[in-house]
Amino acid sequence: MSIRFDQAAGTLSPAGPTLTRRMSDLEGLFRDQNSWRTAVADGDPIVYSVVSSPVPEIDRELPQSITTIHPGTTGGEFWMTKGHQHPNHQGEIYLGMSGNGGLLMFDGKDTRWVDMAPGTIGYIPPGWAHRSVNVGSEPYSFLAVYPGGAGHDYSWVLENGLGQRVWRQDDGLAFVDYFAEV
Ligand code: 6PG
Ligand code: NI
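As the structure is a prediction and not an experimental result, all values here were calculated from the model.

Caption draft 1: Structural view of the sheet that holds strand β12 (residues 129–134). Within the open sheet, the three strands sit side by side as β10-β9-β12. Their pairing is antiparallel. Looking at the sheet topology across the chains shown, the edges are occupied by β10 (111–116) and β12. Taken over all neighbouring pairs, the strand axes of this sheet differ in orientation by 20 degrees on average, direction set aside.

Written out as structure tokens, the structure reads:
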């Protein structure tokens with residue numbers, strides 16, 4: 001089968017489910033909770049969306065999805081995905097499509113960061129929790145391909161964090177320990 005992605009419209013055809021995550025869906029994830037609350041009250045903006053292909057998320061299938069993270073910061077922290085662990089500890093690949101972002105990975109001990117630009121393949125080994133971050137001023141989009149039986153565990157990140165956080169600093173970025181005091 002072939003699937004067509006309309007980059008301008010952000011749609012897949014044929015289409016599977018589409019997910020939109022607003023600021024209110026990212027509870028407990030930004031370090032500056034006051035800024036997060038203000039952003040929720042102040043229009044609750046869309047932070048990212050995920051369009052999926054019609055391939056089902058079941059064992060032995062190989063589904064794909066395209067995530068687009070809008071540019072922005074909350075309390076200085078770049079806009080990002082919630083982040084998750086695959087409970088079945090399966091690997092995943094990302095392909096940068098547009099904009100500038102990064103792939104933050106954490107295995108409970110070590111942290112890794114991969115700069116993602118159009119054409120970059122980011123590999124997530126089994127057992128590494130992962131989060132995507134838009135570090136640019138344009139929307140950041142990437143394709144993800146993952147085993148259909150991988151599952152998504154969001155509570156793992158709430159409990160264990162992702163090792164580091166990514167902040168806007170001057171014209172660039174800075175990393176700080178995930179649970180460091182402000
Ligand atoms: C996956 C991928 C990817 C991810 C989105 C949204 O396993 O499906 O890692 O498609 O789900 O980028 O990120 P969150 O799932 O962390 O919200
Ligand atoms: Ni994943």
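Caption draft 2: Representation of the coordination of the nickel ion (ligand 2) within the structure. Binding of the nickel ion (ligand 2) to the protein goes through His-84 (NE2), His-86 (NE2), Glu-92 (OE) and His-130 (NE2), at separations of 2.1 to 2.3 Å. For the nickel ion (ligand 2), the six donor atoms in the first shell make angles of 73 to 172 degrees at the metal, a pattern classed as irregular. The motif formed by the donor residues of the nickel ion (ligand 2), counted along the single chain, is H-x1-H-x5-E-x37-H. Separated by 38 residues along the polypeptide, Glu-92 in strand β8 (residues 92–98) and His-130 in strand β12 bring together distant segments of the chain.

Caption draft 3: Structural context of the packing of aromatic side chains. In total, this model carries five aromatic pairs according to the counting rule given. Their ring planes at 55 degrees and their centres at 6.1 Å tell us that Phe-106 and Trp-156 sit as a pair that is tilted. Here the residue Phe-106 occupies a position in strand β9 (residues 101–106), and Trp-156 occupies one in helix α2 (residues 155–160), the gap between them amounting to 50 residues. Across the pair, Trp-156 and Phe-106 agree in class, each one buried. One aromatic cluster in this structure is built from Tyr-94, Tyr-140 and Phe-142. In this structure, Arg-21 is placed above the aromatic ring of Tyr-154, and the distance from its NZ or CZ to the ring centre is 5.2 Å.

Rules used in this analysis
Residues numbered from 1 in each chain as written. Chains lettered and ligands numbered in written order. Predicted model: local features only at pLDDT ≥ 70, side-chain atom pairs only at ≥ 80, totals over all residues. Heavy atoms only, no water. Pairing = 2+ DSSP bridges. Helix = DSSP H or I, 4+ residues; strand = E, 2+ residues; numbered from the N terminus. Axes fitted to C-alpha atoms, helices over the stretch in contact; angles between N-to-C directions. Donors = N, O, S within 2.8 Å, 3.2 Å for Na, K, Ca; no water. Tetrahedral: all angles 85-135°; square planar, octahedral: opposite > 155°, others 65-115°. Phe/Tyr/Trp six-rings, centres within 6.5 Å; stacked < 30°, edge-to-face > 60°. Buried < 20%, exposed > 50% of the residue type's maximum accessible area, 1.4 Å probe, protein only. Lys NZ or Arg CZ within 6 Å of the ring centre and 35° of its normal.

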